[in-house]
Amino acid sequence: MSGRPSPPLHNPWPAVFDLGTIALLNGSPNAGKTALLAAMLQRIAEGGDLFGFPIRPTPVFFIAMDRLWDNGAIKWFDKYGFNVPYYSFVDDVTAPATMFRNYAKEPAWDAYIGLLERQGLAPGTLVASDPYENAWGNVMDRGQVITASTVLQRHLKQTRLAQVGMMHSGKMKGDSNLNYANVHEQMAGTGALSGYSSAQLTLLSPKQATVKDSNLYELHITAHCLPQMIFGLSR
């Protein structure tokens, strides 16, 4: 007797967070990136409306790379009442601290894939990493970024996962006329980061937003298969 077939997998956020692809969320330090990502992950896990897109409930998994879990992202997930499945690299004392920097032994992208494989994630899961710089190796090296993107996308396609990675914006000048015209190009690192990812989400603080309002943040979404979108957000 054969069992009931598994339901077909769906893209977590169609055309933005698709299975087999890498999307990047970037912004300046303390702009609210982790708070925004936590809220989006909760909505994707539970289903509903996300910036006008209908979202079906999707498994999500959070990878914390830069801080102890109790001193970092958990504060935002607790604020939303969302018990997110997670892994914390800093808390994992069995993981070598140099795991993503020992290029002679193992490229950073292979180390990141090994980390993903150890989580035993179900196909269809959206993986969110904060930050994601570790997976690329040297973000200033165009060749490394292109290689990493290719290897990582192949792995995501094979395992039927989607990836959103947190990135940081480069240093911003006080005179906005001296900054890049396209906000996603302000991401710290080579232009291959945006060129070889499927979508770039850029969060601007009230000081950086194009509409000057002390309470208004802006989210710019540049996706490969969608027109550019801008959303105003407030805390």
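Residues numbered from 1 in each chain as written. Predicted model: local features only at pLDDT ≥ 70, side-chain atom pairs only at ≥ 80, totals over all residues. Heavy atoms only, no water.

> Quick one: what's the story with the overall build of the chain, residue by residue and with numbers?
Helix and strand counts for the chain stand at six helices and 10 strands. Per-residue burial over the chain gives 50% buried out of 235 residues. Of all intrachain contacts in the chain linking residues separated by at least 6 positions in sequence, the fraction that spans at least 24 positions is 62%. (Helix = DSSP H or I, 4+ residues; strand = E, 2+ residues; numbered from the N terminus. Buried < 20%, exposed > 50% of the residue type's maximum accessible area, 1.4 Å probe, protein only. Contact = heavy atoms within 4.5 Å.)

> Could you give an account of the pattern of salt bridges, with specific residues and numbers?
Per the counting criterion, the structure on display carries one salt bridge. Between R67 and D66 there is a salt bridge; the shortest N-O distance is 3.0 Å. (Salt bridge = Lys/Arg side-chain N within 4 Å of Asp/Glu carboxyl O.)

> Describe the sheet that holds strand β10 (residues 229-233), and please don't skip the residues or the numbers.
Taken together, the eight strands give an open sheet; going across it, the order is β5-β4-β6-β7-β1-β8-β9-β10, and neighbouring strands pair in mixed fashion. Two strands close off the open sheet at either side, each with one partner strand: β5 (86-88) and β10. Ignoring which end each strand starts from, the neighbouring axes of this sheet average 15° apart. Where strand β4 (residues 60-64) and strand β6 (residues 126-130) come together, five bridges link them in parallel fashion. Note that in β6 the partner of A64 across the bridge is D130. (Pairing = 2+ DSSP bridges. Axes fitted to C-alpha atoms, helices over the stretch in contact; angles between N-to-C directions.)

> Can you lay out the environment of Y112 for me, pointing to particular residues and giving the numbers?
Inspection of the secondary structure puts Y112 in helix α3 (residues 108-118). The class of Y112 is buried, set by a relative accessible area of 1%. For the pair Y112 and A135, spaced 23 residues apart in sequence, the C-alpha to C-alpha distance is 5.5 Å. With near-sequence residues (within four places) excluded, Y112 lies in contact with I63, F100, V127, S129, Y132, A135, L152 and Q163.

> For the nonpolar core, give the residues involved together with the corresponding values.
Within the largest apolar cluster, 38 residues are counted, with the highest numbers of intra-cluster contacts made by W13, F62 and L201. Take this core: its biggest share by element is six residues, from helix α1 (residues 33-46). Look past the residues within four positions of W13 in its chain and what remains in contact with it is D18, M40, L50, F51, F53, I55, L201 and I221. Judged by nonpolar contacts, the second largest core, of 31 residues, contains A108, V145, L152 and L193. (Core = buried A, V, L, I, M, F, W, Y, C linked by side-chain atoms within 4.5 Å.)

> Got a sec to walk through the pairing of strand β1 (residues 22-27)? Specific residues and values, please.
Consecutive residues of a regular strand have side chains that alternate between opposite faces of the sheet. Of all six residues in β1, six are buried; the element is thus mostly enclosed. Burial along β1 is two-sided: the residues I22, L24 and N26 and A23, L25 and G27 are all buried. Sheet topology note: the β1/strand β7 (residues 162-168) ladder contains six bridges and is parallel. In the sheet register, I22 faces β7, and the bridge partner there is Q163. Pairing analysis gives five bridges linking β1 to strand β8 (residues 199-204), with the strands arranged parallel.

It is worth stressing that arrangement in space is one thing and function is another; only the former is reported here.
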